[in-house]
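# Structural features, examined
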Amino acid sequence: MDRSEEEWSRLGAQLPAWVEISREMTAFGRPASYIPELAGAPAHALGIAVMEPSGRIVAAGDCGLRFTMQSISKVFTLLLALMDNGEEGVFRKVGMEPTGDDFNSMLKLELVEPGIPFNPLINAGAIAISSLIAGATPAEKTQRIFAFLRRLAGDDTIVGDEAVYASESATAFRNRSLAYFLKDNRVLEDKDDVEEVLDVYFRHCSALATCRHIARMGLVLALGGVDPATGEQLVPRRFVQIAKTFMFSCGMYNASGEFAIRVGLPAKSGVAGGIMTLVPGRYGIGVVGPALNGKGNSTAGVHLLEKLSREFDWSLF
Ligand code: DON
């Protein structure tokens, strides 16, 4: 058995036990409640799926749980915006730096000239990115985003969760403030209606997925934008490189530095408890654990990924 085959079989054999150990960490977190509809998520759930280029999957725990992608979807709107506008068009509106602030902070929008969001993965940046998605109407933009998500997830039934969408839209006072700030700073232009831009943003955050979907999407990124089933280049390699770099530097918000040390892989979390990560060229990984730590990342999910990275020496460094 070669080394990777040996790793795969150990992963399959051990994963259920490792999930149960990490599940105990759910006691130290809570599901997000600032979007009221997320508060009822199963607090002790933990699931994971790992997919390799051949299409084989190892999954364990609550991997059947459907959850909203939330900020994980920002990686894909960034990719679509890059495909629609090119690098120059995107980097006129968002920067390339981590903030060290909370994901919904507006501090630096006011303090640091020229008042563009520091990066596309914080809320302000992702709202700016929503305005860059091509389409004549919000519905058309949303439809294009969902078509892209379906393509990468290999499942054309992916839809949004209407209740989560409505719950977020009704309570998004902070995101509305950010969006109006962006309008005042001319990041959102005259043609950009603030409510329409926000609607696209709330819609893509509400996209429903399982760990298997997230693992497959992560695998496409791990393969530099290539569809593992068809070999087709779905996204230009350079854009995938940009997205993975942002995942590494900003994907776990102001816990990105700690995650880089503990796990050492590009990753993106969402407030419904999902984490998408990948081992370059080898695996896409989807994790869900709705109990979040103080930085907004899945407590048990991070614990489990640290265990896997150490066991298999996955850190990029
Ligand atoms: O804008 C929000 O607050 C959510 N729709 C997404 C935030 C999120 O997932 C941040 N993640 N850790």
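Residues numbered from 1 in each chain as written. Predicted model: local features only at pLDDT ≥ 70, side-chain atom pairs only at ≥ 80, totals over all residues. Heavy atoms only, no water.

Moving on, we come to the nonpolar core. Counting residues in each nonpolar core, the largest one holds 77 residues, and the members touching the most others are M69, F76, L79, V90, M217, L221 and M276. Per-element tally for this core: the top contributor is helix α2 (residues 73-91), with 9 residues. Counting contributing residues, this core receives three or more from each of domain 1 (3-68 + 209-312) and domain 2 (71-205). For L221, the contacting residues outside a window of four places in its chain are V75, F76, L79, V240, K244, M247, M276 and L278. (Core = buried A, V, L, I, M, F, W, Y, C linked by side-chain atoms within 4.5 Å. Buried < 20%, exposed > 50% of the residue type's maximum accessible area, 1.4 Å probe, protein only. Helix = DSSP H or I, 4+ residues; strand = E, 2+ residues; numbered from the N terminus. Domains from an automatic or database assignment. Contact = heavy atoms within 4.5 Å.)

The next subject is the site of the ligand. Inspection of the region around the ligand gives 14 residues, with Y34, Q70, S71, E168 and Y201 positioned closest. The separation between an oxygen atom of the ligand and a polar side-chain atom of S71 is 2.6 Å. Within the side chain of Y201, one N or O atom sits 2.5 Å away from an oxygen atom of the ligand. Out of a free accessible area of 340 Å², the ligand has 99% covered by protein chains. Within the shell around the ligand, the residues separate by chemical class into 6 nonpolar, 7 polar and 1 charged. Both domains that meet at the shell around the ligand, namely domain 1 (3-68 + 209-312) and domain 2 (71-205), each give it at least three residues. (Near = heavy atom within 4 Å. Polar contact = N/O pair within 3.5 Å; in protein donor to acceptor, adjacent residues only side chain to side chain. Areas by Shrake-Rupley, 256 points an atom, 1.4 Å probe, with all protein chains shown as cover. Nonpolar A, V, L, I, M, F, W, Y, C, P; charged D, E, K, R; others polar.)

With that settled, consider the domain arrangement of the protein. Segmenting the protein into domains produces domain 1 (3-68 + 209-312) and domain 2 (71-205). Taking only C-alpha atoms into account, the centre of domain 1 sits 22 Å from that of domain 2. With 36 residues of domain 1 at the interface, the matching set in domain 2 holds 39 residues. Here domain 1 meets domain 2 over a buried area of about 3,200 Å², counting both sides, of which 75% is carbon and sulfur. Run the count over domain 1 and domain 2 and you get 2 salt bridges. Residues R238 and E87 are paired through a salt bridge, measuring 3.0 Å at the closest nitrogen-oxygen approach. Remark: the boundary between domain 1 and domain 2 carries 8 residue pairs in polar contact (both at pLDDT 80 or more). Listing elements by their share of the side of domain 1 that touches domain 2, those giving two or more residues are α9 (211-222), α10 (237-250), β5 (267-269) and β6 (274-279). No other element matches the 9 residues that α10 contributes to the side of domain 1 that touches domain 2. Taken together, the residues that form the side of domain 1 that touches domain 2 break down as 22 nonpolar, 8 polar and 6 charged. (Buried area = accessible area lost by both parts, 1.4 Å probe. Salt bridge = Lys/Arg side-chain N within 4 Å of Asp/Glu carboxyl O.)

Before going further, it helps to spend a moment on the side chain of T210. Checked against the element boundaries, T210 lands in the loop between β4 (208-209) and α9. When sequence neighbours within four positions are dropped, the list of residues in contact with T210 reads C63, G64, L65, R66 and F67.

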